[in-house]
Amino acid sequence: MTTLPIPDHVPEHLVFDFDIYSAPELERDPHRTMVELLRSKKVPPVFFTPRNGGHWIIAGAVEGLDMLRDVERFSSEPQYNANSRKPWTLPNQSDPPQHTEYRRIINPAFVPRTVAGMEEHLKSLCGQMIDDLMPRGQCEFVEDFGKKFPVNVFLRMAGAPQSDREQLVELTEQVVRHPERAVREAAGHALGAYVMQSYESRRDMPGEDLLSMVLQGRFQGRSLNQEELLGMGLLLFLGGLDTVSSTLSFVMLFLGRNPGHYRQLVQDPTAIGGAVEELIRTYSVASLQRGVRADTEYLGIQFRKNDKMFFMTQVYGMDQRKIEDPLRVDFARTVSPHLGFGAGPHRCIGSHLARTEVRIFLEEWTRRIPAFSVAAGPEIQTRGGHVWSPVALPLV
């Protein structure tokens, strides 16, 4: 047991020494590793870790969904989150009704009609990138495709130059998964400075890109202040530069290891829609955070005001209390429940675009490549943090 201090209100049986950034359980097949820990009852669905300043982890889907809906007790606002990273992001670090009004500013960019208008571009970009890789007969998927296709799509939406891709991806990775808080916050400030400079270049002549949309947005009848501009811009970049990249990499890791599932998609492209939901269910990547508004009790557990809460939504789609035989990947499931995009008012605003990108990628890849596999070599390593991801994925 760790010697780090445990708050007085936390009972010993709910303590599990777990670092969300560097726990060994997150280094290999983290989804199934965590599911097995929960099934074996080696960790409870709600537990406390003394790492990273001490915080609760909600790893059970039943408890997680219930608590995420209870914004009166478990708030997204950073003042209730003792370890909230800075700079803060919006609208995710706000509660309704403010959250709803912030979200309304950028919603037009992500509604189904807008995304539908992007499909031809997505298909063309994705297809060309795959065509460029094919003569090689192999690739390192994370670097060669995962960090390029969805990132290039986002940079185009944000009106940011493609030449900044590598710099921005590196800063984002540090923010969401570097084990040292000082490094995470320094990267956040650097990314924030980039965002604010981008606003300044648009201030006199806004365009039709995402940052121009935020710059012209109104909140409670007024223009956004500097802190609000920073928060909304940061969230857009953090979401757009990492989550779909990580999702695609996990999807390809599974398909490369399971040729039978891949053949289903090659032989029957109509199965791709169901496959997208099932693969997001089993390989969700992003977590959520909350803080406790005031001393309260839930399921007999005592929570103190400002307790930090980390919702491990990555594994909520594999809770056997919510879905039958959750470890089985079945593209024909009637319903594939998951919280890969969150839930309720905080549901990821880019969820429709993310689904569309994964679907189009699978359509274009299966159309061109009848078979592939993970290259022989060392076991595939993965990384934890706020967004889980394979470190590298060599394919042949």
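These lines cover the structure that appears in this document, whether it is placed above or below. (Residues numbered from 1 in each chain as written. Predicted model: local features only at pLDDT ≥ 70, side-chain atom pairs only at ≥ 80, totals over all residues. Heavy atoms only, no water.)

1. Topic: the overall build of the chain
- Along the chain, the regular secondary structure elements total 14 helices and 13 strands.
- Rg of the C-alpha trace for the chain: 21 Å, near the compact-globule value of 21 Å for 396 residues, within the 12% margin.
- Reported as C-alpha extents along the three principal axes, the dimensions of the chain are approximately 60 × 55 × 35 Å.
- For the chain, the residues scored as buried account for 57% of the 396 residues in total.
- In the chain, once contacts between residues fewer than 6 apart in sequence are set aside, the share between residues at least 24 apart is 73%.
- Carbon and sulfur atoms provide 51% of the accessible area of the chain, an area that totals close to 17,000 Å².
- Both charge centroids of the chain, one from 44 positive and one from 49 negative side chains, sit 2 Å from each other. (Helix = DSSP H or I, 4+ residues; strand = E, 2+ residues; numbered from the N terminus. Rg over C-alpha atoms; globule rule 2.2 N^0.38 Å. Buried < 20%, exposed > 50% of the residue type's maximum accessible area, 1.4 Å probe, protein only. Contact = heavy atoms within 4.5 Å. Areas by Shrake-Rupley, 256 points an atom, 1.4 Å probe, with all protein chains shown as cover. Lys, Arg positive; Asp, Glu negative; His and termini not counted. Charge placed at Lys NZ, Arg CZ, Asp CG, Glu CD.)

2. Focus: the side chain of E25
- One can find E25 in the segment before α1 (30-39).
- No salt bridge is formed by the buried E25. Its closest oppositely charged neighbour is K42, at 8.9 Å.
- What E25 contacts, discounting residues up to four positions off in sequence, is F16, F18, P30, T33, M34 and L37. (Salt bridge = Lys/Arg side-chain N within 4 Å of Asp/Glu carboxyl O.)

3. Some details on helix α7 (residues 149-158)
- Buried residues dominate α7, accounting for nine of its 10 residues.
- Among all positions in α7, only F149, P150, V151, N152, V153, F154, L155, M157 and A158 are buried.
- One or two residues past the end of α7 sits G159, with phi positive at roughly 70 degrees.

4. A short note on the sheet that holds strand β2 (residues 55-58)
- With respect to topology, five strands assemble into an open sheet ordered β1-β2-β10-β7-β3, the strand pairing being mixed. The sheet is open, and its two edges are formed by β1 (46-49) and β3 (74-75), each paired on a single side.
- The sheet contact formed by β2 and strand β10 (residues 308-311) spans three bridges and is parallel. Counterpart to I57 in the pairing with β10 is F310. (Pairing = 2+ DSSP bridges.)

5. Regarding the pattern of salt bridges
- Under the definition given, this model contains 26 salt bridges.
- The partner of R333 in a salt bridge is E278, with the nearest N and O atoms 2.7 Å apart. On the criterion of sequence distance, the pair formed by R333 in the loop between β10 and α14 (351-368) and E278 in helix α13 (residues 272-282) is long-range, its members being 55 residues apart.
- Judged by its relative accessible area of 16%, R333 falls in the buried class.
- Here E278 falls in the buried class, since its relative accessible area comes to 0%.
- The salt bridge partner of D330 is R328, with a shortest N-O separation of 2.8 Å.
- Salt bridges here are not isolated pairs; linked through shared partners, they connect D131, E364, R367 and R368.

6. Considerations on helix α12 (residues 259-267)
- For α12, every residue scored as buried is listed here: H261, Y262 and L265. Seen from one end, α12 has its buried residues packed into an arc of 100 degrees, which puts them on one side.
- Of the surrounding elements, those touching the buried residues of α12 are α11 (226-257), α13 and α14. (Arc of directions from axis to C-beta.)

7. Thoughts on the nonpolar core
- Counting 123 residues, the largest nonpolar core has F18, F141, F149, F237, L255, F361 and W365 as its most contacted members.
- Looking at this core, the element that brings in the most residues is α11, giving 16 residues.
- With residues near it in sequence (within four places) discarded, L255 still touches H261, Y262, L265, F331, L362 and F372. (Core = buried A, V, L, I, M, F, W, Y, C linked by side-chain atoms within 4.5 Å.)

8. Digging into the state of the cysteines
- Tallying each qualifying case throughout the model produces zero disulfides.
- The thiol sulfur of C126 is not disulfide-bonded, and the nearest other cysteine sulfur, from C139, lies at 12 Å.
- When its relative accessible area of 0% is taken as the criterion, C126 is described as buried.
- Looking at C139, the relative accessible area reads 9%, which means it is buried. (Disulfide = S-S within 2.5 Å.)

9. Side note on the packing of α11 against α12
- One way to put it is that α11 packs onto α12 with a least axis distance of 5 Å and a crossing angle of 105 degrees. Considering their axes alone, α11 and α12 lie roughly perpendicular with respect to each other. Contacts between α11 and α12 involve F254, L255 and R257 on the former and, on the latter, P259, H261, Y262 and L265.
- Considered class by class, the residues forming the contact of α11 with α12 number five nonpolar, one polar and one charged. (Axes fitted to C-alpha atoms, helices over the stretch in contact; angles between N-to-C directions. Parallel < 35°, antiparallel > 145°, perpendicular 65-115°, else oblique. Nonpolar A, V, L, I, M, F, W, Y, C, P; charged D, E, K, R; others polar.)

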